[in-house]
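What follows is each chain in one-letter form.
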Amino acid sequence: MALLEVEDLVVRFYTEEGVVTAVDGLSFEITRGEKFGVVGESGAGKSVTAMSLLRLIESPGRIESGEIRFKGKNLLEMTESEIRNVRGNEIAMIFQDAQTALNPVYTVGDQISESIRHHMDFTDREAKNRAVRLLDEVGIPEAEERYDDYPHQFSGGMQQRAVIAMALSCDPDLLIADEPTTALDVTIEAKILEQLEDLAEEFDTAVQLITHDLGVIAEVCDRVMVMYAGKAVEKASVEDLYYDPKHPYTVGLMGSIPRVGGDSARLQTIPGRMPDLIDLPSGCSFHPRCPYAEEACARTEPPLVDPETGGNVAATGERGAACLAYTGDLAGSLDYEVEVRGDDPRAEGEGSGDNLRTEGRRGGDKPRTEGGRGGER
Amino acid sequence: MSTERGRITIEGFDPEVVRERETPTQEPAGATDVAVESRWARAWRRFRRNRSAMVGLVIVAFMATVAVFAMPISLTLSTIGIILSLAVALGLSVLSRFRRRASTLLKAGIYGSAALALLLAVARYYPGLTGPSLTVQPIQLAPYDPETLLWIDDPSMERDMSPREAGLFDHPFGTDSEGRDMFSRVIAGSRWSVSIGFVVVTIASIIGVAWGGIAGYYGSLVDEVMMRIVDVVFAFPALLLALVIVFQLGGGYFQLVAAFVIPGWAIYARLIRGEVLKTKEMEFVTAARALGARDRSVIFRHIVPNSITPVVVQASLNVGTVVIGVAALGFLGIGFEAGTPEWGHMLTNVRESLIRGPGASINWWQTFFPGAAIFTFVMAMNLVGDGINDALDAQEDIEPIGGGG
Amino acid sequence: MSLRRFILYRILSFIPIMVGVSVLTFALIHLTPGDPVSLIASGNPDFSAADEARLRARYGLDEPVVQQYFTWMGNVLQGDFGIVYSTDRAVEDLIVRRLPETITLGLFGWVFALLIAIPTGIYAAVRKDQLGDDFSRIVALSGISLPNFWLGLMLLSIFAVTLGWWNVLPPNTKLYHPDMLYYLILPGITIGTASAATMMRIMRSAMAEEMNKEYVTTARAKGLPERTVILKHVLRNSLISVTTAAAFLTASIFSGAIVVEVIFSWPGLGLEFYDAILLREINVIMGITLFLSAVIILMNLLADIAYAFLDPRIRY
């Protein structure tokens, strides 16, 4: 049994302009100690999902249906005090902007100890000691003195570290990080990510990393879920996602990463924008922007299926993509190619230094991998 | 995990296919639609949906109408001329805001009408040229003249008659201690309160916004000096200052206006200065200046419209404060001639009779109706103000989280 | 700016503001045609021109205005606020005698206002956009819309005249007598209602604004009970801005005091001021104005300092 199992989560917001379906039948799992990435553009529903896990959705939002099973128990059916027990204690969350996440009128140390004192049976002194140790572990120098400092006396990177310390203070089993480095400089970002990875390893904490930055995902995560318009459109291991993307949206995302020295004069983008969640397109939500879309795509909403077998994998942790190309309903084919220069770690043992090419499926075909063009390294 | 990852290139994902497709793709998430509807239109929509605010608006509109039609209005020709030319000048200036460059005709119109207004005003006072009086508004809603002592013509009418005694249909509010019809007095009284409220707030906000806008924009010494002056005004209790001013200037409409404008402009100065300080640092201002816009243009075209929200809210809430203030002066018997049908002033007699202690008869109708009139108007105005606050405020509210991922 | 410098700066700015206040006060009284003596003379038909001239000389009114200002200010700084023309007594004695009454009344109103405003403000913010919030909002608006003189009149007519439950303060009652509370009730409620309503709205909006902030979500995500989130985290932040508002109430309480003291015959500075207006006692008018303004400025100063103390971002 996985640590976290989300099944068919539906979250809606009842606003003046209409009903926004922020999350539409989302399912995924996270196993113990795993680093799970959630990637997608703004508006895809990533943050809403995270907030739902801790039942922090407030009106006008409502968790309509679905189950969130954490260690076997459905979080959505817990009482107020039970869920409060889970928050901070077993599942912790860190947010994008550390500065606003910290209360400006209390010391940083106090805010960390608060969590400890609340969830664990520590005395004040014990809680303080633990907090100081945590501050030290996240890499804040002179932790003992800094304990009594206020949030505005910390730099941006330090603030985020403090927030991480706060989140890890009660040894949670799952840490949800919502765009933890988006607001930071690139150099600081690298350090924070590294810290996050180390701490996750050390404390054996699973991490759900939410971001729109593909580079961060590649750096940190084991498995990834790509979200679009409130649904999961692809789930894969990080290697598979990058080297063998199956869903056109993922392909588009990969293609839109700018590269130095490429031949094209313009940056490639995915045309159009994320649809208005009040008024989703019929059928596959992505079809208006998909170069391979056909009529069928506007009619039927594709389930999340295994690209090889076509079987529904929505509720499992298996590889899946939500495209009609894999259910066999697509007349044409997904006409893209993924060219990999240099090493492909998946192909270790097949001789390094070869150029490899993998091509997208042509309706009904199995993937082909051509090897050895005898290229240079 | 290998740290040496391959470099990935995607080929074959062609966005052109999508762009050239004939099937109308989904409009980008309402981007064009939202931009078209102006901030004010949206605010008005929100306001309309606010029930209590709409009720307030209806009441205010109703009372304003009553104020206009309570008694006939006669104006001299010169006054009419002044008002008309000022209105034309104002209207043209507002129009010029909507056009990029004011044409010479427009400018001539503005300055011409303003000059005409000035000319007429001067002519009025020096040679005393006013022209004949015209009855601009002939309707009289008040059944009796508010000043007439009823018992002079009609011996059956006495002083202090309750509504029941005087006849509910003839005198629904009874008569006061001088024998005048309360209903007419209350209706006529609306003129004082309603008009002074709006006039004071308009003038005070214009002065205050200009003052605070300049202070906030130029900063440093200018700001310091100007805001110290604001602090000085703030140091006085408002009613106290009003009392002193009326004490000096005597009673009368414009004297009362001055009495409340002088303490009143300060809050707007402070508000707008705060907003200007915030807005000044925002990027679009830097952009405008980088494009070479003149200071005055930057202030009025960019900063003020964005900072105006709290001023509008404050102004609408302030109307009520001024009305109560004027009524307080009336209640204290200061600034009005005895017998003026002003709501607060109508309560003066009640105070005197109450001091006599238990045993004095209470003319509840003399206390109740004028006070209720004040309360109703101020309450309605405050509901409107609150409605404006909510309508403009929630603009900044976040989009449903769908917009933020 | 460090805290000490900030406080010093604020205290120093007290001086120019007070100067400005004194100038404005003086100007308001003296910059009109006709001086105080002619005002007195106009009310007194037996005054001859010689009498006027003598009075002018005696009160220094024949000097140029600017010099009069400095004379007056010089005296004020030594504690001499001038003479009450009608009784020939010292204005400063009058102020000192009447001050405690007004202070008591004002304090009662202030405490009354806060006691009502803070809990209801919190309640309304927590129940934001629900029925409780709407209801309290209407109640608060009514409180603000109620003219205090009307409220006072109604309270008097109901409780004192009709029911006979309350009496106006008899003269020479000791201030520290527990009976004082009884006499304070009606005028205190009258003066405090508008302030209570205003403060409640400020409290509510300050709290509502804070509750939208990220640290509240973080606190909830830590699993803290809602009560702790509101009362420990949100309240502390709201109180910072509410404190300054509470100090600014001083000015409106003094404004209200004038009216309330007149209605209830409460022998304080407000009633004195009113009488002075009627009797055209300019020294009393100037003296009370100057004094009350000084108190208000002081309160604002305290508010600023308190704000600096309460907000760690300024303190450190």
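Residues numbered from 1 in each chain as written. Chains lettered and ligands numbered in written order. Predicted model: local features only at pLDDT ≥ 70, side-chain atom pairs only at ≥ 80, totals over all residues. Heavy atoms only, no water.

**Focus: the overall build of chain C**
Step number 1: Regarding its fold elements, chain C presents 13 helices and two strands.
Step number 2: In terms of overall dimensions, chain C has a C-alpha envelope of 85 × 60 × 35 Å along the principal axes.
Step number 3: Of the roughly 14,400 Å² that chain C leaves accessible, carbon and sulfur atoms contribute 66%.
Step number 4: Here chain C contributes 24 positively and 25 negatively charged side chains, and the mean placements of these two sets differ by 14 Å. (Helix = DSSP H or I, 4+ residues; strand = E, 2+ residues; numbered from the N terminus. Areas by Shrake-Rupley, 256 points an atom, 1.4 Å probe, with all protein chains shown as cover. Lys, Arg positive; Asp, Glu negative; His and termini not counted. Charge placed at Lys NZ, Arg CZ, Asp CG, Glu CD.)

**Notes on the packing of aromatic side chains**
Step number 1: Counted under the stated rule, the structure contains 22 aromatic pairs over all chains.
Step number 2: An angle of 70° between the planes, with centres 5.4 Å apart, marks the rings of Phe 26 of chain C and Tyr 69 of chain C as edge-to-face. Linking Phe 26 of chain C in helix H1 (residues 3-30) with Tyr 69 of chain C in helix H4 (residues 65-77), this pair joins segments that are 43 residues apart in sequence.
Step number 3: Chaining the aromatic ring pairs together yields one cluster made of Phe 173, Phe 183, Phe 368, Phe 369 and Phe 375 of chain B together with Trp 150 of chain C.
Step number 4: Its end group placed over the ring of Phe 154 of chain A, Arg 146 of chain A keeps NZ or CZ at 4.5 Å from the ring centre.
Step number 5: Above the ring of Tyr 106 of chain A, the side-chain terminus of Lys 232 of chain C is found at 5.2 Å from the ring centroid. (Phe/Tyr/Trp six-rings, centres within 6.5 Å; stacked < 30°, edge-to-face > 60°. Lys NZ or Arg CZ within 6 Å of the ring centre and 35° of its normal.)

**What to know about the interface of chain B and chain C**
Step number 1: Every contact between the two is made by 48 residues of chain B and, on the other side, 49 residues of chain C.
Step number 2: Between chain B and chain C, a total of about 4,300 Å² is buried, with carbon and sulfur atoms accounting for 75% of that surface.
Step number 3: Our count for the chain B to chain C interface comes out at two salt bridges.
Step number 4: Two residues, Asp 386 of chain B and Arg 137 of chain C, come together in a salt bridge whose shortest N-O distance is 2.8 Å. (Contact = heavy atoms within 4.5 Å. Buried area = accessible area lost by both parts, 1.4 Å probe. Salt bridge = Lys/Arg side-chain N within 4 Å of Asp/Glu carboxyl O.)

**Overview of the sheet that holds strand S11 (residues 320-321) of chain A**
All names here are of chain A.
Step number 1: One open sheet holds the seven strands; their spatial order is S6-S7-S8-S3-S9-S10-S11, and the pairing between them is mixed. Single-partner strands in this sheet number two, and they are strand S6 (91-94) and S11.
Step number 2: The pairing of strand S10 (residues 231-237) with S11 spans two bridges and is antiparallel. Within the sheet, the bridge partner assigned to Glu 234 lies in S11 and is Ala 321.
Step number 3: Lying over the sheet, helix H8 (residues 186-203) contacts strand S3 (35-39), S6, strand S7 (174-178) and strand S8 (206-211), oriented at roughly 140° with respect to S3. (Pairing = 2+ DSSP bridges. Axes fitted to C-alpha atoms, helices over the stretch in contact; angles between N-to-C directions.)

**A closer look at the interface of chain C and chain A**
Step number 1: Taken together, the contacts link 20 residues of chain C with 28 residues of chain A.
Step number 2: Taking both sides of the interface into account, the surface hidden between chain C and chain A amounts to around 2,200 Å²; carbon and sulfur atoms contribute 59%.
Step number 3: For the chain C face of the interface with chain A, the top three residues by lost area are Ala 221, Lys 222 and Lys 232 of chain C, together amounting to 26%.
Step number 4: Between chain C and chain A we count four salt bridges in total.

**What about the confidence of the model for chain C?**
Step number 1: Looking at chain C as a whole, its pLDDT mean stands at 84, while 92% of the residues score no less than 70.
Step number 2: Of all the helices and strands in chain C, helix H2 (residues 36-43) of chain C carries the lowest mean pLDDT, 65, while helix H9 (residues 214-221) of chain C carries the highest, 91. (pLDDT = per-residue confidence, 0-100.)

**Comments concerning H9 of chain C**
Residues and elements named next belong to chain C.
Step number 1: Counting buried residues along H9, seven of its eight residues qualify, which places the element largely inside the surrounding structure.
Step number 2: Tyr 215, Val 216, Thr 217, Thr 218, Ala 219, Arg 220 and Ala 221 are the residues of H9 that are buried.
Step number 3: Backbone geometry just after H9 places Gly 223 at a positive phi near 90°. (Buried < 20%, exposed > 50% of the residue type's maximum accessible area, 1.4 Å probe, protein only.)

**Considerations on the pairing of strand S1 (residues 4-15) of chain A**
Residue and element names in this part refer to chain A.
Step number 1: Bridging between S1 and strand S4 (residues 61-70) involves eight bridges; their strand directions are antiparallel. For Val 10, the partnering residue across the bridge sits in S4 and is Ser 65.
Step number 2: Bridging between S1 and strand S2 (residues 18-30) involves 10 bridges; their strand directions are antiparallel. Paired with Arg 12 across the strands is Thr 21, a residue of S2.
Step number 3: Linking S1 back to S2 in an antiparallel pair, the connection comprises two residues.

**Describing the domain arrangement of chain A**
Residue and element names in this part refer to chain A.
Step number 1: Domains assigned within chain A are domain 1 (4-221) and domain 2 (228-261 + 269-326).
Step number 2: Inter-centroid distance (C-alpha atoms) of domain 1 to domain 2 is 27 Å.
Step number 3: Between domain 1 and domain 2 lies a buried interface of about 1,700 Å² when both sides are counted; carbon and sulfur atoms form 62% of it.
Step number 4: Its largest share of buried area at the contact with domain 2, domain 1 owes to Asp 24, Glu 41 and Leu 214, together 31% of the area lost on that side.
Step number 5: Taken together, the links from domain 1 to domain 2 amount to two salt bridges.
Step number 6: The partner of Glu 41 in a salt bridge is Arg 289, with the nearest N and O atoms 3.4 Å apart.
Step number 7: The interface formed by domain 1 and domain 2 holds seven residue pairs in polar contact (both at pLDDT 80 or more) in total.
Step number 8: At the level of elements, S2 and helix H9 (214-220) are the ones that each hand at least two residues to the side of domain 1 that touches domain 2.
Step number 9: For the side of domain 1 that touches domain 2, the element with the highest residue contribution is S2, accounting for 11 residues.
Step number 10: For the side of domain 1 that touches domain 2, the class distribution of residues is 11 nonpolar, eight polar and four charged. (Domains from an automatic or database assignment. Polar contact = N/O pair within 3.5 Å; in protein donor to acceptor, adjacent residues only side chain to side chain. Nonpolar A, V, L, I, M, F, W, Y, C, P; charged D, E, K, R; others polar.)

**Quick look at the environment of Gly 212 of chain B**
Residue and element names in this part refer to chain B.
Step number 1: Its place among the elements puts Gly 212 in helix H9 (residues 182-218).
Step number 2: Gly 212 gets classed as buried once you look at its relative accessible area, which sits at 0%.
Step number 3: Sequence separation between Gly 212 and Val 276 is 64 residues, and the spatial gap between their C-alpha atoms is 8.2 Å.
Step number 4: Leave out the neighbours within four places in its chain, and Gly 212 touches Ala 269, Ile 272 and Arg 273.

**A few points about the pattern of salt bridges**
Step number 1: In total, this model carries 35 salt bridges over all chains according to the counting rule given.
Step number 2: Across the salt bridge formed by Glu 67 of chain A and Arg 69 of chain A, the nearest N and O atoms sit 2.5 Å from each other.
Step number 3: With relative accessibility at 32%, the residue Glu 67 of chain A sits in the partly exposed group.
Step number 4: Asp 223 of chain B is paired through a salt bridge with Arg 273 of chain B; the nearest N and O atoms lie 2.7 Å apart. Pair noted here: Asp 223 of chain B is in helix H10 (residues 220-235) and Arg 273 of chain B is in helix H12 (residues 253-280), with a separation of 50 residues, a long-range link.
Step number 5: When its relative accessible area of 7% is taken as the criterion, Asp 223 of chain B is described as buried.
Step number 6: Beyond isolated ion pairs, a larger network of salt bridges with shared partners links Asp 110, Glu 114, Arg 117 and Asp 124 of chain A together with Lys 222 and Lys 232 of chain C.

**Concerning the pairing of S3 of chain A**
Residue and element names in this part refer to chain A.
Step number 1: Among the five residues in S3, five count as buried, and that is most of the element.
Step number 2: Because side chains alternate across S3, one face comprises the buried residues Lys 35, Gly 37 and Val 39, and the other comprises Phe 36 and Val 38, equally buried.
Step number 3: As judged from the five bridges shared by S3 and S8, these two strands associate in the parallel manner. Residue pairing in the sheet places Val 38 in a bridge with Ile 210 of S8.
Step number 4: Examined bridge by bridge, S3 and strand S9 (residues 223-228) share four bridges and lie parallel to one another. Bridging across to S9, Gly 37 finds its partner in Val 224.

**Considering the confidence of the model for chain A**
Step number 1: The predicted model of chain A averages 81 in pLDDT, with 87% of residues at 70 or higher.
Step number 2: Confidence drops under a pLDDT of 50 for residues 348-377 of chain A, and excluding neighbours within four residues, the segment shows 54 contacts in the predicted structure.

**Examining the nonpolar core**
Step number 1: Counting residues in hydrophobic clusters, the biggest one holds 137 residues, and the most contacted among them are Phe 260 and Leu 332 of chain B together with Phe 149 and Phe 273 of chain C.
Step number 2: The leading source of residues in this core is helix H14 (residues 295-331) of chain B, at 15 residues.
Step number 3: Dropping the residues within four chain positions of it, Phe 149 of chain C is found in contact with Ile 324, Ala 327, Ala 328, Phe 331, Gly 344, Leu 347 and Ile 374 of chain B together with Val 259 and Ile 263 of chain C.
Step number 4: Counting residues in each nonpolar core, the second largest holds 120 residues, with Leu 199, Tyr 228 and Tyr 336 of chain A together with Ile 8 of chain B among its members. (Core = buried A, V, L, I, M, F, W, Y, C linked by side-chain atoms within 4.5 Å.)

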